[in-house]
Amino acid sequence: MPLVAPSILAADFGNLSKDIDMVNQSQAEWFHLDVMDGVFVPNISYGMPIIEKINSLTDKVLDVHLMIVDPDRYISAFKQVGADILTVHYEACTHLHRTIQAIKAEGMKAGVALNPHTPVAVLEDVIKDLDLVLIMSVNPGFGGQKFIENTYDKVRKLKQMIMAANAQVIIEIDGGVSIDNAAQLVEAGADALVAGSAVFNASNPSDYIAQLQKA
Ligand code: DX5
Ligand code: ZN
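Here is a short report on the structure shown in this document. Keep in mind that what you see is a predicted model, and the values were worked out from it rather than measured. (Residues numbered from 1 in each chain as written. Chains lettered and ligands numbered in written order. Predicted model: local features only at pLDDT ≥ 70, side-chain atom pairs only at ≥ 80, totals over all residues. Heavy atoms only, no water.)

Moving on to the sheet that holds strand β3 (residues 61-67). Spatially, the eight strands line up as an open sheet ordered β1-β8-β7-β6-β5-β4-β3-β2, and their pairing is parallel. Strands with a single pairing partner mark the edges of an open sheet, and in this sheet they are β1 (3-6) and β2 (30-36). Neighbour-to-neighbour, the strand axes of this sheet turn through a mean angle of 20 degrees, independent of strand direction. Here four bridges tie strand β5 (residues 109-114) to strand β6 (residues 132-136), and the two strands are oriented parallel to one another. Residue Val-112 lies in a different strand from β6, and its bridge partner there is Val-133. Against the sheet, helix α4 (residues 96-105) engages β4 (85-89) and β5, with an angle of about 145 degrees to β5. (Pairing = 2+ DSSP bridges. Helix = DSSP H or I, 4+ residues; strand = E, 2+ residues; numbered from the N terminus. Axes fitted to C-alpha atoms, helices over the stretch in contact; angles between N-to-C directions. Contact = heavy atoms within 4.5 Å.)

Next up, the structure:
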């Protein structure tokens, strides 16, 4: 059974507390929170005040996905607003090993995200240091995009790498996830599924979350 992380990017920001309540009352384990800087990705989303508010309204795990350049500058700030898992992009970190250690030193779980063009092999020498790898199954920046089919192969390769290293790493998939591909992703080795538009556009979002968990 996969962990499900609804992405708040697809929520109704005019009625955020209503959507937070929906997730709270659902079986979802995590909140997925997307931070975009308009530089690393061609979009700007939201930042610390929103995350801090969500943290005050939930006991669930806050899974924060940073799509920003030079994330090292903000590691302790995200800890302060309540991040439990902090994921940075491989493509945005020159000294990735140092960044991972800095996240863990703050008491958070450390994740690394890979863009669709980045092979999983680049993580071979840090895989044992990681708590989570996020495979982007769309190009980051926007919700509601089409799932990239090559993701299944990447998940299988990553799973093999994790097993060969005897490491404990959560494989999370982000982008275009729905009940149409959830079961196949889990079969390939996915442990956690992020879903934004599929959940929040569903006629019954909490029921949709439950269906994703059955994948
Ligand atoms: C995209 C974000 C995703 C996004 C997913 O850059 O990282 O978390 O919210 O949205 P959907 O599920 O609509 O593709
Ligand atoms: Zn995300």
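Further remarks concern the pattern of salt bridges. Tallied over the entire structure, the rule returns three salt bridges. For Arg-73, the salt bridge identified is with Asp-70, shortest N-O distance 3.5 Å. The class for Asp-70 is partly exposed, based on a relative accessible area of 40%. (Salt bridge = Lys/Arg side-chain N within 4 Å of Asp/Glu carboxyl O. Buried < 20%, exposed > 50% of the residue type's maximum accessible area, 1.4 Å probe, protein only.)

Looking at the element boundaries, Ser-7 is found in the loop between β1 and α1 (16-25). With relative accessibility at 4%, the residue Ser-7 sits in the buried group. Setting aside anything within four residues of it in sequence, one finds Ser-7 in contact with His-32, Asp-34, Val-194, Ala-195, Gly-196 and Phe-200.

Here the focus is the coordination of the zinc ion (ligand 2). The coordination sphere of the zinc ion (ligand 2), as far as protein atoms go, consists of His-32 (NE2), Asp-34 (OD), His-65 (ND1) and Asp-174 (OD), spread over 2.0 to 2.3 Å. Taken together, the six donor atoms coordinating the zinc ion (ligand 2) and their angles of 70 to 169 degrees define a geometry best described as octahedral. Each donor residue of the zinc ion (ligand 2) lies on the same chain, and together they follow the pattern H-x1-D-x30-H-x108-D. By relative accessible area, which is 5% here, Asp-34 ends up buried. (Donors = N, O, S within 2.8 Å, 3.2 Å for Na, K, Ca; no water. Tetrahedral: all angles 85-135°; square planar, octahedral: opposite > 155°, others 65-115°.)

With respect to the element layout, Thr-58 can be found in the loop between α2 (48-57) and β3. Overall, Thr-58 belongs to the buried group, its relative accessible area being 9%. Only 2.6 Å separates the side chain of Thr-58 from the side chain of Asn-24, close enough to count as a polar contact. The contacts of Thr-58, once residues within four sequence positions are left out, are Asn-24 and Phe-31. (Polar contact = N/O pair within 3.5 Å; in protein donor to acceptor, adjacent residues only side chain to side chain.)

Moving on, we come to the pairing of β6. Side chains on a regular strand alternate between the two faces of the sheet. Across the five residues of β6, five count as buried, placing the element largely inside the fold. Every second residue of β6 is oriented toward a common face, with Leu-132, Leu-134 and Met-136 on one face and Val-133 and Ile-135 on the other, all of them buried. Summarising the sheet, β6 and strand β7 (residues 170-174) pair through five bridges and their orientation is parallel. Opposite Leu-132, over in β7, you have Ile-170 as the bridge partner.

This part takes up the site of ligand 1. In the vicinity of ligand 1, 20 residues are found, and the nearest of them are Ser-7, Asp-34, Asp-174, Gly-196 and Ser-197. The contact in question runs from an oxygen atom of ligand 1 to an N or O atom on the side chain of Asp-174, over 2.7 Å. The separation between an oxygen atom of ligand 1 and a polar main-chain atom of Gly-176 is 2.8 Å. For ligand 1, whose accessible area on its own is 380 Å², the fraction buried by protein is 99%. Among the detected pockets, ligand 1 sits in the largest pocket. (Near = heavy atom within 4 Å. Areas by Shrake-Rupley, 256 points an atom, 1.4 Å probe, with all protein chains shown as cover. 1 Å grid on protein atoms, 1.4 Å probe; cavity = no way out; pocket = protein on both sides within 12 Å on 5 of 7 lines; lining within 4 Å. Sits in = over half its atoms within 2 Å of the grid points.)

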